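This is what each chain is made of:
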Amino acid sequence: MSQENQAPVVYQVHVTTDADGHTVTHRCQVPGLSIRSTISDSPPMWATEPNPDPVSRSVWVMPPGWEGGWHRNPQRQLVVPLSGSWWVRTQDGVRTVMGPGQAHLGDDLEAVEDAEGRCGHDSGTEGGEPVVLLMIAVGGQRQPCVGVITAE
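Residues numbered from 1 in each chain as written. Predicted model: local features only at pLDDT ≥ 70, side-chain atom pairs only at ≥ 80, totals over all residues. Heavy atoms only, no water.

### A short note on the overall build of the protein chain
In terms of helices and strands, the protein chain carries 0 helices and 12 strands. In sequence order, the protein chain lays out its α and β elements as β-β-β-β-β-β-β-β-β-β-β-β. A compact globule built from 152 residues would reach a C-alpha radius of gyration of about 15 Å, and the protein chain, at 17 Å, matches this within 12%. Reported as C-alpha extents along the three principal axes, the dimensions of the protein chain are approximately 55 × 35 × 30 Å. In the protein chain, once contacts between residues fewer than 6 apart in sequence are set aside, the share between residues at least 24 apart is 69%. Averaging the positions of the 9 positive and the 18 negative side-chain charges in the protein chain gives two centres separated by 2 Å. (Helix = DSSP H or I, 4+ residues; strand = E, 2+ residues; numbered from the N terminus. Rg over C-alpha atoms; globule rule 2.2 N^0.38 Å. Contact = heavy atoms within 4.5 Å. Lys, Arg positive; Asp, Glu negative; His and termini not counted. Charge placed at Lys NZ, Arg CZ, Asp CG, Glu CD.)

Dropping the structure here:
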């Protein structure tokens, strides 16, 4: 099979909970890419099926030095930095920095407090510029990751 016939591997950061309810971070493969036409009169491209579960969307702008403190996501949400960089830290100690074009699925609604009193995740801006985030709230249930790799 030639390279152009093999689906590209696309990852997103996934903040979720383990069996004990503590948050963990890993990168998961975005499943379901296939070659198809998505726009009439345009050539086929790699795409997933449209997702019917977006609930809302918002743009957030966080100033340099902003830190959110430990909290759970208010709902499942896909977070895409549009400019600037930000970080997310989970109870397993992983701190992941993300910049423009990287996707993060916040899925820690079931997080419980750990021995240090932390619940969910902490997050904040990275560097000296504001971060602009596209926040897309999604419905549905937490799903296991596909193609899990070690978080950065």
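### Here we look at a nonpolar patch on the surface
On the surface, a nonpolar cluster with roughly 280 Å² of combined accessible area is contributed by Val-59, Val-61 and Leu-82. Tracing the sequence through the fold places Leu-82 in strand S6 (residues 77–83). A relative accessible area of 47% places Leu-82 in the partly exposed class. (Patch = residues over 30% accessible without salt bridge, like charges linked within 9 Å, V, L, I, M, F, W, Y side chains within 5 Å. Areas by Shrake-Rupley, 256 points an atom, 1.4 Å probe, with all protein chains shown as cover. Salt bridge = Lys/Arg side-chain N within 4 Å of Asp/Glu carboxyl O. Buried < 20%, exposed > 50% of the residue type's maximum accessible area, 1.4 Å probe, protein only.)

### As for the sheet that holds strand S8 (residues 95–98)
Sheet strands pair by backbone hydrogen bonding; their relative direction is either parallel or antiparallel. Strand order in the open sheet formed by 3 strands is S8-S7-S10, with antiparallel pairing between adjacent strands. One side of each edge strand has no neighbouring strand; the edge strands of this open sheet are S8 and strand S10 (121–126). Neighbour-to-neighbour, the strand axes of this sheet turn through a mean angle of 20°, independent of strand direction. Pairing analysis gives 4 bridges linking strand S7 (residues 85–90) to S8, with the strands arranged antiparallel. (Pairing = 2+ DSSP bridges. Axes fitted to C-alpha atoms, helices over the stretch in contact; angles between N-to-C directions.)

### Re the environment of Leu-82
Expressed as a C-alpha distance, the spacing of Leu-82 and Val-61, which sit 21 residues apart in the sequence, is 9.8 Å. If sequence neighbours within four positions are ignored, Leu-82 has contacts with Pro-100, Val-132 and Leu-134.

### A few points about the pattern of salt bridges
Pairing between side chains becomes possible if they bear opposite charge and their charged atoms approach one another. Under the counting rule described, the total for this entry stands at 4 salt bridges. Between Arg-76 and Asp-107 there is a salt bridge whose closest N-O contact spans 3.0 Å. Of the two residues, Arg-76 is situated in the loop between strand S5 (54–62) and S6 and Asp-107 in the loop between strand S9 (104–106) and S10; the sequence distance between them amounts to 31 residues. Overall, the relative accessible area of 11% leaves Arg-76 in the buried class. The closest approach of N and O atoms between Arg-95 and Glu-126, which form a salt bridge, is 2.7 Å. Of this pair, Arg-95 sits in strand S8 while Glu-126 sits in strand S10, and the two are 31 residues apart along the sequence. A relative accessible area of 35% means that Arg-95 is categorised as partly exposed. A cluster of three or more residues bridged by salt bridges with shared partners is formed by Asp-114, Glu-116 and Arg-118.

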